[in-house]
Amino acid sequence: MNKKYVLFLSFALCILMSKSVLAKDLNFDWSEIRFFLNQTQFVNTSSELKAIMQADQIEEFNQAIGFGLEATAQLVPWFKIGTKFKGIFSGSNKAESAPPAQYYLSYQQYSVGFTGRINLVSKDLFLLDLFGELGLSNNSIEIATSSGKASWKQDAHFYQRAGMSAGVGSAAMKFYVEGGYEMFKLDNLSHSGVIGSNISGLDFSGPYMGVGLIISGVPSWIKPSGASSN
């Protein structure tokens with residue numbers, strides 16, 4: 001794994017595990033954990049990759065489903081800061097009579113980043129916020145066709161996300177929906193294999209929609225927004 005990615009992930013984990021120091025020195029209140037599932041619709045697809053897939057009737061790959069979690073801390077009444085992890089295991093294949101598919105495209109992505117959320121409305125029963133995110137991702141794409149196999153990789157790639165979320169429920173738990181845009185334009189990909197050597201970049205950017213669950217106050221060191229630290 002790329003050293004930059006390991007360092008970034010370690011730094012994010014240190015933030016999550018150092019609550020006692022942060023609460024004392026910076027007056028952070030860890031406010032919530034979010035579990036989510038979302039779907040990204042890709043805006044731009046590679047014509048070269050599309051041609052390779054069509055030759056073996058591999059279905060078009062134009063969207064991906066991701067899942068993950070986010071932990072945020074209440075920095076000031078109107079602003080939260082936190083870290084988010086997301087994973088994608090997706091792809092497409094030719095409809096064949098018996099699995100596993102011989103001809104397919106698979107895409108794996110792991111991303112971790114820092115998130116800032118501006119509270120527009122923050123009540124026990126309802127919340128509405130705007131967010132922005134910046135982080136690093138590891139990306140791996142593999143394709144198998146009748147002409148051979150190929151793979152592309154890019155580690156420690158900077159990405160951005162921005163959007164809005166709304167949640168309803170109680171002070172301790174809310175269901176929420178989120179919409180936004182992701183920027184995952186991969187350039188200078190590392191290629192291996194016998195096909196696709198002319199492809200140096202792939203764009204997995206696009207709008208996304210997601211649903212999830214917000215939990216506040218569980219476990220005990222997570223305090224609902226606005227609660228005072230012990």
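For the structure given in this document, a descriptive report is provided here.

Criteria and thresholds
Residue numbers run consecutively from 1 along every chain, following the written order of its sequence. Given that this is a predicted model, residues contribute local features only at a pLDDT of at least 70 and side-chain atom pairs are listed and counted only at 80 or more, while totals for whole chains, interfaces and linings are drawn from all residues. As a rule here, side-chain values come from all non-hydrogen atoms in the structure, and water together with hydrogens is ignored. Here, a salt bridge means any Lys or Arg side-chain nitrogen found within 4 Å of an Asp or Glu carboxyl oxygen. Each helix corresponds to a stretch of at least 4 residues labelled H or I by DSSP, and each strand to a stretch of at least 2 residues labelled E; elements are numbered beginning at the N terminus. The rule for pairing is simple: two strands pair if DSSP sees at least two bridges between them. Cavities and pockets are defined on a 1 Å grid built over the protein atoms alone: a cavity is a set of grid points where a 1.4 Å probe fits but cannot escape, while a pocket is an open set with protein on both sides within 12 Å along at least five of seven lines, and lining residues are those with an atom within 4 Å of any such point. Grid points are joined across faces, edges and corners, and a volume is the space filled by probe spheres set on the points. Only Asp, Glu, Lys and Arg are considered charged, only Ala, Val, Leu, Ile, Met, Phe, Trp, Tyr, Cys and Pro nonpolar, and every remaining residue, Gly among them, polar. Only heavy atoms enter the contact rule, under which two residues are in contact if any of them lie within 4.5 Å. N or O atoms within 3.5 Å of each other form a polar contact, as long as, within protein, one can give a hydrogen and the other can take it, and as long as residues adjacent in sequence are counted only when both atoms are side-chain atoms.

1. Regarding the pattern of salt bridges
Taken as a whole and judged by the stated rule, the model has 14 salt bridges. The shortest N-O distance in the salt bridge between glutamate 133 and arginine 161 comes to 2.7 Å. Pair noted here: glutamate 133 is in strand β5 (residues 126-145) and arginine 161 is in strand β6 (residues 148-169), with a separation of 28 residues, a long-range link. When salt bridges with common partners are traced through the structure, they connect Glu32, Arg34, Glu70, Lys80, Lys84, Lys86, Arg117, Asp129, Glu133, Arg161, Glu178 and Glu182 into a single cluster.

2. Topic: the pairing of β5
Alignment of strand β4 (residues 104-122) against β5, held across 18 bridges, turns out to be antiparallel. Residue pairing in the sheet places glycine 113 in a bridge with glycine 135 of β5. Taking the residues that link successive antiparallel strands as the turn, the β4-β5 hairpin has 3 residues. Two strands pair when backbone bridges link them, and β5 and β6 are joined in this way by 19 bridges, in the antiparallel orientation. Bridging from a neighbouring strand, aspartate 129 pairs with serine 165 of β6.

3. Here's the deal with the layout of surface pockets
Considered as a void within the structure, the largest pocket measures approximately 190 Å³ in volume. Mapped onto the lining of the largest pocket, the elements with two or more residues apiece are α3 (47-55) and β10 (202-203). At 4 residues, α3 tops the list of elements feeding residues into the lining of the largest pocket. Classifying every residue of the lining of the largest pocket gives 9 nonpolar, 4 polar and 3 charged.

4. Comments concerning the environment of glutamate 182
Here glutamate 182 is to be found in strand β7 (residues 173-183). The sequence separation of glutamate 182 and arginine 161 amounts to 21 residues, and the corresponding C-alpha distance is 4.5 Å. Here glutamate 182 is in contact with Thr40, Lys86, Gln160, Arg161, Ser205, Gly206 and Tyr208, once residues within four sequence places are set aside. A distance of 2.6 Å separates polar atoms of two side chains, one belonging to glutamate 182 and the other to lysine 86.

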